[in-house]
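Observations on chain architecture
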Protein chains: 2
Amino acid sequence: MNAASAKSAETRERILGVASVEFAERGYAGTSIGTIAEKSGAGKGLVQYHFKAKSDIAVAIVRGAFSKAPFANPLDGGAEARGVAAIVASIRGVSGAFRDDVRVRAAVRLVREYDVIPVTFPTPYVGWMARMAELLREAVDDGEIPPLSDYDVEGWHLVATFTGVQETSQRLTGRHDLPERIEQMMALQLPRLGVRDLERYLGA
Amino acid sequence: MNAASAKSAETRERILGVASVEFAERGYAGTSIGTIAEKSGAGKGLVQYHFKAKSDIAVAIVRGAFSKAPFANPLDGGAEARGVAAIVASIRGVSGAFRDDVRVRAAVRLVREYDVIPVTFPTPYVGWMARMAELLREAVDDGEIPPLSDYDVEGWHLVATFTGVQETSQRLTGRHDLPERIEQMMALQLPRLGVRDLERYLGA
């Protein structure tokens, strides 16, 4: 990458960072290209050089957030954890990102507002569901849990349960109790899946 | 109720019915008092006689939807079902309402859009959570399940799980697979709570 394109990439990132803060706080309708241009110091011309419309910025944020580990938890990345430990790490990682990563928070809010945004977002959940199903198979292969009757259903249900815990914690406490509720969720759900030594996987 | 107030109550209901269809389809921002006045045939004057602002209509719909059985499942109503059977009936009832009752669908969308609506909605979930905790205690009293370690946590978690299943089904299939996913959810979660004879409670 030469100096000019490095600078251009840096500007694009700065625009996405500022836009994430705005989208996360004010939602899609409450955020304008003008504000993003001003707060990023890029100016309207440069913003529009990188993104034709506000909806393009929204798509870039959503795509970026959901392609990131721990959602994707890429198989080719030689992840250290396997099976149950990887499930726990993935759930804790996503939960942490919901609280701490403004781009993920922006993406979640944008996806929630999808019906007022004139673009098609990448389908949420399905990648993570498939990954969960795979990790459950791994856990069976490694003898951590007994075989399950339907891995796709379990992967679907695990992600849906996480989604509900996240959503409920957000509405009732602004995600204040999310870490505690996520640990509760795993302590309730992992035994159901046949995990015996809970302490081993959930212990600090 | 005299004829005039019966007619007035009927007009109010008609306004709420029309507004529910609009809110459910177009969201809060996409719905105007003008359209509600026109489609209900009430005219702007009458609409504003009943509701000072669009946000008052939204609050009335949300309040009405969440005070209804099966969310509330009132204790004084002499409900036929108890314990596990009542939990199953309540979950199926709420799930059915999400699909079939346009006022509930409107309420759910309005609550989802709460951050762009300038009013305070009644807090969602908590009434249903308390009711679930109570039904779990009933199930223990009736010998249907063994004692649980924390009824409030279980009530919270059950409602959060339902919420996630609902939300996920809505996003991925427009609630097309909701009935099936809800039955799956109960088949996975009830044994976790110690329900043994699943067929007895979930059988058609």
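Remember, it's a predicted structure, so these values are computed and weren't measured experimentally. (Residues numbered from 1 in each chain as written. Chains lettered and ligands numbered in written order. Predicted model: local features only at pLDDT ≥ 70, side-chain atom pairs only at ≥ 80, totals over all residues. Heavy atoms only, no water.)

Re the interface of chain A and chain B
Reports of interface size often rely on the accessible area that becomes lost once the parts have come together. To be explicit about the condition: Contacts are assigned to residue pairs that have any heavy atoms within 4.5 Å of one another. When two parts are brought into contact, each loses some accessible area as probed by a 1.4 Å sphere; the total of that loss over both is the buried area. Between Lys or Arg on one side and Asp or Glu on the other, a salt bridge is scored when a side-chain nitrogen of the former is within 4 Å of a carboxyl oxygen of the latter. N or O atoms within 3.5 Å of each other form a polar contact, as long as, within protein, one can give a hydrogen and the other can take it, and as long as residues adjacent in sequence are counted only when both atoms are side-chain atoms. Here a strand is any run of E in DSSP of at least two residues, a helix any run of H or I of at least four, and the numbering for each starts at the N terminus. Gly is put with the polar residues, along with every residue not named as nonpolar or charged; the nonpolar set is Ala, Val, Leu, Ile, Met, Phe, Trp, Tyr, Cys and Pro, and the charged set is Asp, Glu, Lys and Arg.
In this assembly, 33 residues from chain A lie in contact with 33 residues from chain B. When chain A packs against chain B, close to 3,100 Å² is buried across both sides, 62% of that on carbon and sulfur atoms. Applying the counting criterion to the chain A and chain B interface returns zero salt bridges. The interface formed by chain A and chain B contains six residue pairs in polar contact (both at pLDDT 80 or more). Elements with a minimum of two residues in the side of chain A that touches chain B: α6 (102-112), α7 (126-141), α8 (151-173) and α9 (178-192) of chain A. Among the elements that take part in the side of chain A that touches chain B, α8 of chain A stands out by supplying 15 residues, more than any other. In the side of chain A that touches chain B, the residues fall into 14 nonpolar, ten polar and nine charged.

A short note on the relation of the copies chain A and chain B
Worth spelling out the cut-off: Copy-to-copy superposition: least squares on the C-alpha atoms, limited to residues that have pLDDT of at least 70 in both copies.
In screw terms, the move from chain A to chain B is a rotation of 180 degrees and a rise of 0.0 Å along the axis, fitting with an RMSD of 0.0 Å. What we have between these two chains is a two-fold relation. Every residue of chain A has its C-alpha some distance from the rotation axis, and the shortest such distance is that of Gly164 of chain A, at 1.7 Å. Here 100% of the interface residues in chain A have copies in chain B that are interface residues too; the copies meet face to matching face.

Some remarks on the environment of Ser20 of chain A
All names here are of chain A. Note that Ser20 resides in helix α1 (residues 3-26). Each C-alpha atom, one on Ser20 and one on Ile61, is 7.2 Å from the other, the two residues being 41 residues apart in sequence. Apart from residues lying up to four places away in sequence, Ser20 is in contact with Ile61, Val102, Arg103 and Ala106.

Here we look at the environment of Gly83 of chain A
All names here are of chain A. Test applied: For each residue, the accessible area found with a 1.4 Å probe, counting protein chains only, is set against the maximum for its type, and the residue is called buried under 20%, exposed over 50%, and partly exposed in between.
For Gly83, the location among the structural elements is in helix α5 (residues 83-100). The buried category is assigned to Gly83, whose relative accessible area is 0%. Sequence separation between Gly83 and Arg137 is 54 residues, and the spatial gap between their C-alpha atoms is 7.5 Å. Once you skip the residues sitting within four places of it in the chain, Gly83 turns out to touch Leu135, Glu138, Ala139 and Glu144.

Here we look at the nonpolar core
Worth spelling out the cut-off: As used here, the term nonpolar core means buried Ala, Val, Leu, Ile, Met, Phe, Trp, Tyr and Cys residues forming a set that is joined through side-chain atoms within 4.5 Å.
Judged by nonpolar contacts, the single largest core of 122 residues is most densely connected at Ile57 of chain A together with Ile57 of chain B. Among all residues touching Ile57 of chain B, those that are not within four sequence positions of it are Ile15, Leu16, Ala19, Phe23, Ile33, Ile36, Val47 and Phe51 of chain B.

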